[in-house]
Amino acid sequence: MAAPAARDTAVTIAAVRPKSLFCLNKVIVLGASTGTGIHLGIRATIAKSDSIKLEYEGTLFSEWDVPGTCSVQDRRSPTTELRCPSSGVYSIKPIVKGPDEEERYLSVESSNTCFLWNYRVINFVHNLTQVVIIWVYDPENANPDELLWQAEEPSLHSMTLSKQLAILGQKPTIYTLPNRKTYFSEDNTEMGTWQITIPMTNDVLKEVQGNQVAFQDCLIADVLFLLTFPLLTMPEIPGFLPLSSPTGSQLMAVQSACIPSSVVVVSDTETFQTNDSFYTWTRVRVPPNILSDDERRSVADVDLSWDGIFFLINGVLYVKTSLEFKRLGRDENVSDAGIIGITSRRWCWDKYLLKVTRNRSHIAIWTENEVYLGYTNLSFVKVVTTTEMRNHLNISSLDTLTIHNVEYTGHPLELAVLFSYCTTCTVTKTIYIVIYNEDTRQQVCQDFELDVPINSFLVPRFIFSAITELILWDKHRIYYYYHNFTDNGVIQTPTGHGNLSILSNDSIIHDVFMDYYGTMLIKMENNIIFFSKINTRDAVKLHLWANNTIKSLFFLHSSGQVYLLYAFDNGTVQRQDYPLSLEIQSIAFKTKDKCPYVAFHNNIARMFYFLDKTDTLKLWVQVVYPENIGLNIIVEQYGPKILVEKHQIHYEIAFGYCTKTMILSFSQNINYEAVKDYFKLQNQNTGLVLLNLRPSEYSKTCPTAKKVFQIAVGCDKNKFIAVKGFNKTECLHHDFSYVIEKSYLRHQPSKNLKVRYDWNAYGCPLKLDSMEKFQPVIQLFDDDGFIENVEANFIVWEIHGRNDYSFNNTMKQSGCLNEAQTWKSMTELNKHLPLGNAWGPENYKHCFSYAIGKPGDLNQPYEIINLSNGNHLFWPMGHSGMYIFCVKILDPNYSYCNLTAIFAIETFGVIPSPNVYLVASILFLLMLLFFSILVFSYFRYMKIYRRSIYEPLHKPPKTLKKN
């Protein structure tokens, strides 16, 4: 993946210092001319601390008009250097033949940031890791490929600089912004680079940071970049034909919400795809003989998902993958004709969508009367129809009600459907908005009603906000609806006109670009740009950037930068970074627009937080503003009322500035113990809450309009428990089975139970002497690692039904006032349930009150364990055996998750007593054998005895023969 451009960390264009300095290399257009080229006008590039490079594009240039305190190397040269002796704001203007040029206001400040990080990535798919090779470069002395982020290795100068900084103690680190992971680098090598190995994860937004090490009084700027799985674009196959929009139409595009470097653009000549913000790109083409020539030139809309690229052509939906180009229809449960639009999410809430267990839609498709949601593997579900809405809105069947447009809101579960309603349908129509929630499947009519001309078409965009806020536009105006539709109107211009076409030579609105910081760029078809900020009510015209013959679009780079993409008639595209901060600064200085506050700080490190039953989220937010202005901090919530919010405000004033700090805490105070319907109460108190933190006032020049984040209350599916001291790898795995004597089983079956040991499920068993007690220590984990040792109550049971174990504490020793719950009592009460479901947090009742339970034998074993009650497992029969235990958190106020874990214990002791019948059989056989031998011996010896009676014991000696 090609590297993105450096992040614009400085708002100023240059720095004035005695030593060499090159701040982040940015190009800005200072004016316009009638020349030719992608952008026309003057470009100012930061070159050194005391010099600014000026460049004018065009043929009408005469000379430069600069402040008297600054000097120009060659006033009559279109390309020259400007030197200013001190920091400040300077007006620069080219004098040209013909129409006068606008002056530009450039802010120059001192800075110690001189160097940048450069990197390249090596992907290792076999083990899902990526090696990031990092080095330092000086933009004043870098090779061209380093400036274009295309270098495979550092240049000689960069290699020497990196080695020198490594000697001084420099060592880069990669931080991931969503999940706050840290990855450290290896030592600097002979090539002058550092290497950092990181896993391929969904934690894609990363930042390279270095130590505070200076070389010649210069520091290195941090670099924000996007690093995803190695994504592949659609291959260009010879013989395939281009897809395009109708001739003369403007660019249309889709940008992935969570991977902003992934973009698809459709022009009137080709369709282009990129995965690295158009540093590289390919053309998307289709096989011949599938579409006619007219159909290939009739793309009306485009969208992007994991299933492929979707194209809307003549009311039919097609999907393009690397393997096929397919028409969608009834087989996918979607309309096969009459589709008028497709859309996808525009704000990234991937952390929530990945952590919840339910599948979420990634695309919406609609006709005039139906809305479909698309899921993975090309699965579609119809969710809204005009027939249902007629009944919901109490509209007569004689009136006209159609779906006007559809858009995902800022909420990850909601979809907005704009309905068009009219009776005679000759002059005006009324637009209504209905919000559909994917979880609750409810359709809620909003307090929204807008009358527009019958031929108007409104395009909605929901703002990155917790509460429902949006803008809509037709060809000439921008309508705003802020603060849950309570603040609405038309965005005005300094001349008092809400019609933007009047100030843009009768051009019409092409697109509106918005980012996460509240920036709003309104681009007209002739490339005139207006700037506004969310929750403000006016827009200003920015300096001209490109001529009116080029087709262009704004996109957001993965680093947060804005860039423009230009499409040409020869079937090629070209990107250009757009220095938005400098453009806004120049206009703000001219219009005297000032932000009412100096700083707006907070410690919200994530956009998404999970809150469990026992968790408390503590945050702070601070605003600093000049004295006598009187700003407040506003906290806005959207979602179910399931959180208890507490806040404290601290106020300070010093040196003419006021500092107001708000400390916030969010938690729950619901008691789930001994309730009638445990699961119902849980469902009522879980959900997703979106929050805004913002100052009470702000303007277009404020850097950030608000802080938006989510709090999900419920079960984090990545949370789990484990028993301390157990693992699955530190032992030799071998297949074996064992037999459990039927008398040791809870339900007394008729046969012994044979069990095959599952190493993957049970892990390595802990070997204990049968006289040794054991207390499990439960640990809680999530995807970030270890959280805590669990102090809540938990229970254990042998999953195969063994009950030849016990607990060393009795109910009386544990402090019970009434008989406590036991496995025996709970299984008798819940005979219809499996053993593991008979007892849990949903039916737990403690025994420490006379009002709960009933008197009984308190000398029974107490079968509930926690970290501090000293209750242990022990084996009273003292024999050898294999036990597979399951542990479950019993405390109903601990977690929304059903937290369980399995561990195995193997005891060694007295060999278990054999079966009585087997022993009797063996004894019988032994006795039979013994008596058989006795009988056999008796008859044997009797035979010998009888023979000895009839035969003399001593035979007479034989007489010797004489010779």
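Treat the numbers as computed from the prediction; the structure is a model and nothing was measured.

If you tally the helices and strands in the protein chain, you get 10 helices and 65 strands. Compactness check: the protein chain gives a C-alpha radius of gyration of 39 Å against a globular reference of 30 Å for 963 residues, more than 25% above the reference. Within the protein chain, the proportion of its 963 residues that are buried is 52%. Counting only carbon and sulfur atoms, one obtains 52% of the accessible surface of the protein chain, whose full area is about 45,600 Å². Side-chain charges in the protein chain split into 87 positive and 95 negative, and the spacing between the mean points of these groups amounts to 11 Å.

Below, the discussion takes up unusual backbone geometry. The phi dihedral of Cys425 falls on the positive side, at around 60 degrees, and the residue is not glycine. As for its placement among the helices and strands, Cys425 is situated in the loop between strand S32 (414–422) and strand S33 (428–437). Residue Cys425 is classed as partly exposed on the basis of its relative accessible area, which comes to 25%. Its identity is not glycine, yet Asn505 carries a phi of approximately 55 degrees, on the positive side. Looking at the element boundaries, Asn505 is found in the loop between strand S39 (487–490) and strand S40 (509–514).

With 12 residues, helix H6 (residues 580–591) ought to run about 16 Å at 1.5 Å a step, and its terminal C-alpha atoms sit 16 Å apart, in line with that. Count one or two residues on from H6 and you reach Lys592, which has phi positive near 65 degrees.

Pairing in this open sheet of three strands is antiparallel, and the strands run S44-S45-S46 from one edge to the other. On the outer flanks of this sheet lie strand S44 (551–556) and strand S46 (573–578), each paired with one strand and no other. Taking the axes of each pair of neighbouring strands and ignoring which way they run, one obtains an average angle of 25 degrees across the sheet. Pairing of S44 with strand S45 (residues 562–567), which is carried by six bridges, proceeds in the antiparallel orientation. Residue pairing in the sheet places Leu553 in a bridge with Leu565 of S45.

Glancing now at the state of the cysteines. Summed over all chains, the structure comprises eight disulfides. Paired by a disulfide, Cys114 and Cys218 hold their sulfur atoms 2.1 Å apart. Linking Cys114 and Cys218, the disulfide has an S-S dihedral of approximately -70 degrees and is accordingly described as left-handed. Of this pair, Cys114 sits in strand S9 (residues 113–124) while Cys218 sits in the loop between strand S14 (205–209) and strand S15 (219–221); the two residues are 104 residues apart in sequence, bridging distant segments of the chain.

All right, on to the environment of Thr367 then. Inspection of the secondary structure assignment puts Thr367 in the loop between strand S28 (363–366) and strand S29 (370–375). With 25 residues separating them along the chain, Thr367 and Ile342 place their C-alpha atoms 9.4 Å apart. When near neighbours in sequence (up to four residues on either side) are disregarded, Thr367 contacts Ser335, Ala337, Gly338, Ile339, Ile340 and Ile403.

With that settled, consider the sheet that holds strand S52 (residues 657–667). Taken together, the four strands give an open sheet; going across it, the order is S47-S49-S52-S51, and neighbouring strands pair in antiparallel fashion. The outermost strands of the open sheet, each flanked by one partner alone, are strand S47 (599–602) and strand S51 (644–654). Along the sheet, successive strands turn relative to each other by an average axial angle of 15 degrees, direction set aside. Judged from the 10 bridges that link them, strand S49 (residues 617–626) and S52 form a sheet pairing that is antiparallel. Bridged to Val623 within S52 is Lys660.

Here the focus is the nonpolar core. Ranked by internal contacts, the top residues of the largest apolar core, which has 63 residues, are Ile471, Ile478, Val512, Met520, Ile522 and Ile711. Other than its neighbours up to four places away in sequence, Ile478 contacts Ile471, Leu472, Trp473, Gly489, Val490, Ile491, Leu500, Ile509, Val512 and Ile522. Within the second largest apolar cluster, 41 residues are counted, among which are Ile721, Leu780, Ile795 and Trp823.

With that out of the way, let us pick up the environment of Trp117. Secondary-structure assignment places Trp117 in strand S9. The exposure class of Trp117 is buried, given its relative accessible area of 1%.

Its 12 residues place the ends of helix H2 (residues 156–167) 17 Å apart at the C-alpha level, agreeing with the 16 Å of an ideal helix rising 1.5 Å per residue. When H2 is considered as a whole, its buried residues turn out to be Ser158, Met159, Leu161, Ser162 and Leu165. With its buried residues spanning 165 degrees around the axis, H2 presents them on a single face. Opposite its buried face, H2 presents the exposed residues Leu156 and Ile167, each directed more than 90 degrees away.

A few words now on the packing of aromatic side chains. The way to describe two aromatic rings as a pair is by their centre distance and the angle between their planes. Taken as a whole and assessed by the stated rule, the structure comprises 47 aromatic pairs. Between the aromatic rings of Phe608 and Phe610, the centroid separation amounts to 5.4 Å while the plane-to-plane angle is 85 degrees, which identifies the pairing as edge-to-face. Here the aromatic rings of Trp823 and Trp839 are separated by 5.3 Å at their centres, their planes lie at 80 degrees, and the arrangement is edge-to-face. Taken together, the positions of Trp823 in helix H9 (residues 823–829) and Trp839 in the loop between H9 and strand S63 (873–874) put the pair 16 residues apart, joining distant regions of the chain.

Within the protein chain, residue pLDDT values average 86, and 92% of them lie at 70 or more. Ignoring residues within four places in sequence, the model shows residues 1–49, a span with pLDDT below 50, making 206 contacts including any to other chains.

Okay, the side chain of Asn437 next. When you line up the elements, Asn437 lands in strand S33. Aside from chain neighbours lying at most four places away, what touches Asn437 is Leu413, Glu414 and Gln442.

Pairing of side chains with opposite charge becomes possible as their charged atoms draw close. This model, assessed by the stated rule, comprises 25 salt bridges. A salt bridge links Arg76 to Glu63; the shortest N-O distance between them is 3.5 Å. Residue Arg76 is found in the loop between strand S5 (71–72) and strand S6 (79–83), and its partner Glu63 is found in strand S4 (residues 61–65); the two are separated by 13 residues along the sequence. The partly exposed category is assigned to Glu63, whose relative accessible area is 21%. Its salt-bridge partner being Arg104, residue Glu583 comes within 2.0 Å of it at the nearest N-O pair. Residue Glu583 is found in helix H6, and its partner Arg104 is found in strand S8 (residues 104–108); the two are separated by 479 residues along the sequence. Classification of Arg104 by relative accessible area gives buried; the value is 0%. Three or more residues are tied together by salt bridges with common partners; here these are Glu236, Glu270, Arg283 and Arg285.

A few words on the pairing of strand S42 (residues 529–533). Counting buried positions over the five residues of S42 gives five, a clear majority of the element. Here S42 shows two buried faces, one formed by Ile529, Phe531 and Lys533 and the other by Phe530 and Ser532. Note that strand S41 (residues 519–524) and S42 share five bridges and pair antiparallel. In the strand pairing of S42, Lys523 is matched with Ile529.

With six of its seven residues buried, strand S54 (residues 707–713) lies for the most part within the structure. As paired strands, strand S48 (residues 608–611) and S54 are joined by four bridges and run parallel to one another. From the neighbouring strand, Leu611 faces S54, where its bridge partner is Val713. Note: strand S53 (residues 687–695) against S54, seven bridges, orientation antiparallel.

So, how was this worked out
Residues numbered from 1 in each chain as written. Predicted model: local features only at pLDDT ≥ 70, side-chain atom pairs only at ≥ 80, totals over all residues. Heavy atoms only, no water. Helix = DSSP H or I, 4+ residues; strand = E, 2+ residues; numbered from the N terminus. Rg over C-alpha atoms; globule rule 2.2 N^0.38 Å. Buried < 20%, exposed > 50% of the residue type's maximum accessible area, 1.4 Å probe, protein only. Areas by Shrake-Rupley, 256 points an atom, 1.4 Å probe, with all protein chains shown as cover. Lys, Arg positive; Asp, Glu negative; His and termini not counted. Charge placed at Lys NZ, Arg CZ, Asp CG, Glu CD. Expected span 1.5 Å × (residues − 1). Pairing = 2+ DSSP bridges. Axes fitted to C-alpha atoms, helices over the stretch in contact; angles between N-to-C directions. Disulfide = S-S within 2.5 Å. Contact = heavy atoms within 4.5 Å. Core = buried A, V, L, I, M, F, W, Y, C linked by side-chain atoms within 4.5 Å. Arc of directions from axis to C-beta. Phe/Tyr/Trp six-rings, centres within 6.5 Å; stacked < 30°, edge-to-face > 60°. pLDDT = per-residue confidence, 0-100. Salt bridge = Lys/Arg side-chain N within 4 Å of Asp/Glu carboxyl O.

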